[in-house]
Amino acid sequence: MTFINYAAREINCKIVYYGPGLCGKTTNIQFIYDKTGTGAKGKLISLATESERTLFFDFLPIELGTIRGFRTRFHLYTVPGQVFYDASRKLILKGVDGVVFVADSQEARMDANIESIRNLKENLREHGYTVEKVPYVLQLNKRDLPTAVPAPELVEALRLNEEPVFEAIAPKGVGVFETLKAVVKGVLVDLKSR
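Residues numbered from 1 in each chain as written. Predicted model: local features only at pLDDT ≥ 70, side-chain atom pairs only at ≥ 80, totals over all residues. Heavy atoms only, no water.

> Whenever I open this one, the nonpolar core confuses me. Can you help?
Judged by nonpolar contacts, the single largest core of 24 residues is most densely connected at Val16, Tyr18, Leu93, Val99, Phe101 and Leu120. For this core, the secondary-structure elements that each account for two or more residues are strand E2 (10-18), helix H2 (86-93), strand E6 (98-104), helix H3 (110-126), strand E7 (136-141) and helix H4 (151-158). For this core, the element with the highest residue contribution is H3, accounting for four residues. Core analysis: the next-biggest nonpolar cluster, separate from the first, contains 23 residues, Ile67, Ala170, Leu180 and Val184 among them. (Core = buried A, V, L, I, M, F, W, Y, C linked by side-chain atoms within 4.5 Å. Buried < 20%, exposed > 50% of the residue type's maximum accessible area, 1.4 Å probe, protein only. Helix = DSSP H or I, 4+ residues; strand = E, 2+ residues; numbered from the N terminus.)

Laid out in structure tokens, this is it:
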């Protein structure tokens, strides 16, 4: 749910990076943050939990253009990967405008990908959304690993609704900005159609 700040003349949009634990959600956000100019970004905030190695969530506003005279600001979040943190996942999805699902390309992680997609669909449904109605992008991360499943097989198993798909190697930045641009474009098209 887009938030409009009339005083600041800003439209605030929320994009959530979702996926199983250690799939590269945080790496995507960190790469985007590191490569974005200082004037175009806010603070990167991370909250760690006692029992999880990955970050709890990241917050990153990026300003991109204007709509009807309003600046558009994007807030990027990650969810915790482990299903144990489902309450946090649900909370972070509240008010989402776009979703990037980061899949781990390793064969051993296929069940975790499928479980995480099932969980995403369920949590979106609880907020009154569906992957068919929310701008949604699939990223196949870790494409450089020797255990990576061929991309066509991953697409067959994980693609939900003809969403854009990008292959990525997040630590090197391969596919990271392409993924972000696709979800931002989807959010902007959705905003303009309202």
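> Would you explain the environment of Val99 in this entry?
Among the structural elements, Val99 can be located in strand E6. In this structure Val99 comes out as buried when scored by relative accessible area, which is 0%. Beyond its immediate chain neighbours, meaning those up to four positions away, Val99 contacts Val16, Tyr18, Leu93, Leu120, Val134, Pro135, Tyr136, Val137 and Val183. (Contact = heavy atoms within 4.5 Å.)

> Looking at this structure, how should I read the pairing of E7?
The side chains of a regular strand alternate, residue by residue, between the two faces of the sheet. Along E7, six of the six residues are buried, which leaves the element largely enclosed by surrounding structure. Covered by surrounding structure in E7 are Tyr136, Leu138 and Leu140 together with Val137, Gln139 and Asn141, the residues of both alternating faces. Note: E6 against E7, six bridges, orientation parallel. From the neighbouring strand, Val102 faces E7, where its bridge partner is Gln139. After leaving E6, the chain enters H3 and then returns to the sheet as E7, a path that is right-handed. Here E7 runs beside strand E8 (residues 165-167); their pairing, made up of three bridges, is parallel. Note that in E8 the partner of Gln139 across the bridge is Phe166. Once the chain exits E7 it traverses H4 before rejoining the sheet at E8, and the crossover so formed is right-handed. (Pairing = 2+ DSSP bridges. Right-handed = clockwise from strand over helix to strand, strands pointing away.)

> What is the right way to read the packing of aromatic side chains from this model?
Each pair of aromatic rings is reported with the distance of its centres and the angle of its planes. Following the criterion strictly, the structure yields two aromatic pairs and no others. Geometrically, the ring pair formed by Tyr6 and Phe70 is edge-to-face, given 5.7 Å between the ring centres and 85° between the ring planes. With Tyr6 in the loop between strand E1 (3-5) and E2 and Phe70 in strand E5 (residues 70-78), this residue pair connects regions lying 64 residues apart in the sequence. The exposed category is assigned to Tyr6, whose relative accessible area is 58%. The exposure class assigned to Phe70 is buried, which follows from its relative accessible area of 11%. Summarising the aromatic geometry, the rings of Phe31 and Phe177 are spaced 6.1 Å apart at their centres and angled 65° between planes, so their arrangement reads as edge-to-face. With Phe31 in helix H1 (residues 25-35) and Phe177 in helix H5 (residues 176-192), this pair connects stretches of sequence that are 146 residues apart. A cation sits over an aromatic face here: Lys14 above Tyr77, 4.8 Å from the ring centre. (Phe/Tyr/Trp six-rings, centres within 6.5 Å; stacked < 30°, edge-to-face > 60°. Lys NZ or Arg CZ within 6 Å of the ring centre and 35° of its normal.)

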